[in-house]
Amino acid sequence: MRFVLIGAGQRGMIYARYAFESGHEITAVADIDPQKRACACREFHIDESMSFESAEKLLEQECLADAAILATMDRDHWSQAIAAMKKGYHLLLEKPISPDPAQTLDIARVAQETGRLVTVCHVLRYAPFFREIKRVIDQGMIGRVITIQHNENIGNFHIAHSFVRGNWRRKDLSSPLIMQKSCHDMDLLVWLVGSGCKKVASFGDLTYFKADHAPEGAAQRCVDCKYKDTCRFSAYNCYMPVMGSWPASVLTQDQTKEGLEEAIRTGPYGRCVYHCDNDVCDHQVTILEFDNGVTATFNLSGFTNRMTRTLKIMGEDGEIRASEYENVIEVIPYAANAVNRSDAIVIHPEATTSGHGGGDSRIVEDFLALMEGRQAEAASDIQRSVESHMMACAAEEARVSGRVVDVAQFRERYSRS
């Protein structure tokens, strides 16, 4: 199988690496960053003539492969995905499909019209941890699901890196936080509940990462700041101890002390977190009602120590308590009274070293099986994935407007547009 890589950042390289290590060919790469293109060419043995400075330049060529790994910035997906499908490529498409609901529906429509296979990288559907939760629900171990509490704990350093200093800090450059970070979670809820979403309300704001919380006398950049040795958000404290791994690896290809110090001195990740141009929420709570009557609360927060998801799923006959970080799922049958104890079933899902709890490698395996005809459909086919995007976009509209949004009406409005 042959692939082109459009967007050679962290996510694109992860997917391309799994495909390459499985014996498949990466024939071309496109990225606006010459260092990233050069890195991809070295790693995947791509000829220099097949290195393009933009997706558009690559897509001007005759079709160069069977499929494209499309992992550019959120707001580039619409034009690039449609052009790639019309050129003849099947797509492994990084989420979000698009931050614009009309564009999301348009990409799904073109996929259907052209007959292209499009798998959206909702990698959590493929992770053993979440697949085990789905199995417990589907086997009726807690009876019919009634309500869910779902928390995405972003992690204090992660939100500062990605959503204050980083590429996803502003809605106009990428997506609202609930779309960029949590269309994963909207997708998980649809999948676990087994139903589309009916109504959504949402509340949240950018509360902390702004100028009025800066320590007195804090500089615009960490290199000039008197707090650079003591502030927990100092770029020196955030990145130097993790040199060579994420998130330090995002700052520069030169993962040496000198390379990182130069990136901190001159690049965007050396800015004070209280003096950036960020505008996305740092916390958001969403309330959802599904078509089958299940209700859910989703709490998205940057004010946590760990990067993990935790769930409590309450059914008619028992509940599930699950911690992604601990890789533990407890299935607890209800007791008849406060004295008797019901024995919990404790499940430790398969451990894996692949990113997103095993989802990163398994989605590539799934896409390859789909392309080779070894399976009929993808777990995160674009036609399924549209639902999570409508939910996330509706939640953002609900947050901004202060209204409860009917998801079907929301989708119909953007279908017409």
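Q: Give me the layout of surface pockets: which residues, what numbers.
A: By volume, the second largest pocket amounts to about 180 Å³. Broken down by element, the lining of the second largest pocket gets its largest block of residues, four residues, from helix H14 (residues 382-401). The residue inventory of the lining of the second largest pocket, partitioned by class, reads eight nonpolar, no polar and four charged.

Q: Describe the sheet that holds strand S2 (residues 25-30), with residues and values.
A: Here six strands make up an open sheet; going across it, the order is S3-S2-S1-S4-S5-S6 and the pairing parallel. Bordering the open sheet on either side are strand S3 (51-52) and strand S6 (118-120), each of which pairs with just one other strand. Across the face of the sheet, helix H4 (residues 77-87) comes into contact with strand S1 (2-6), strand S4 (67-70), strand S5 (90-93) and S6 while running at roughly 155° to S5. Along the sheet, helix H13 (residues 359-371) contacts S1, S4, S5 and S6; its crossing angle with S5, the most-contacted strand, is approximately 170°.

Q: Account for the pattern of salt bridges, with residues named and values stated.
A: Pairing of side chains with opposite charge becomes possible as their charged atoms draw close. What the rule picks out here adds up to 27 salt bridges. Residues Glu372 and Arg374 are paired through a salt bridge, measuring 2.7 Å at the closest nitrogen-oxygen approach. Residue Glu372 is classed as partly exposed on the basis of its relative accessible area, which comes to 38%. Assessed through its relative accessible area of 56%, Arg374 is described here as exposed. Here Arg411 ties to Glu387 by a salt bridge, and the two come within 3.7 Å at their closest N and O atoms. In this pair, Arg411 sits in helix H15 (residues 407-416) while Glu387 sits in helix H14, placing the two residues 24 residues apart along the sequence. According to the relative accessible area criterion, Glu387 is buried, its value standing at 16%. Residues joined in a network through salt bridges with shared partners are Arg169, Arg170, Asp172, Arg271 and Asp277.

Q: A description of empty space enclosed by the protein should follow, citing residues and the corresponding values.
A: Considering all chains together, one arrives at one cavity of 30 Å³ or more under this definition. Roughly 110 Å³ of internal volume is contained in the largest cavity. Cys222, Cys225, Cys231, Ser234 and Cys272 are, among the 14 residues lining the largest cavity, the residues nearest its centre. Along the lines of polarity and charge, the residues of the lining of the largest cavity split into eleven nonpolar, one polar and two charged.

Rules and cut-offs
Residues numbered from 1 in each chain as written. Predicted model: local features only at pLDDT ≥ 70, side-chain atom pairs only at ≥ 80, totals over all residues. Heavy atoms only, no water. 1 Å grid on protein atoms, 1.4 Å probe; cavity = no way out; pocket = protein on both sides within 12 Å on 5 of 7 lines; lining within 4 Å. Points joined across faces, edges and corners; volume = space filled by probe spheres on them. Helix = DSSP H or I, 4+ residues; strand = E, 2+ residues; numbered from the N terminus. Nonpolar A, V, L, I, M, F, W, Y, C, P; charged D, E, K, R; others polar. Pairing = 2+ DSSP bridges. Contact = heavy atoms within 4.5 Å. Axes fitted to C-alpha atoms, helices over the stretch in contact; angles between N-to-C directions. Salt bridge = Lys/Arg side-chain N within 4 Å of Asp/Glu carboxyl O. Buried < 20%, exposed > 50% of the residue type's maximum accessible area, 1.4 Å probe, protein only.

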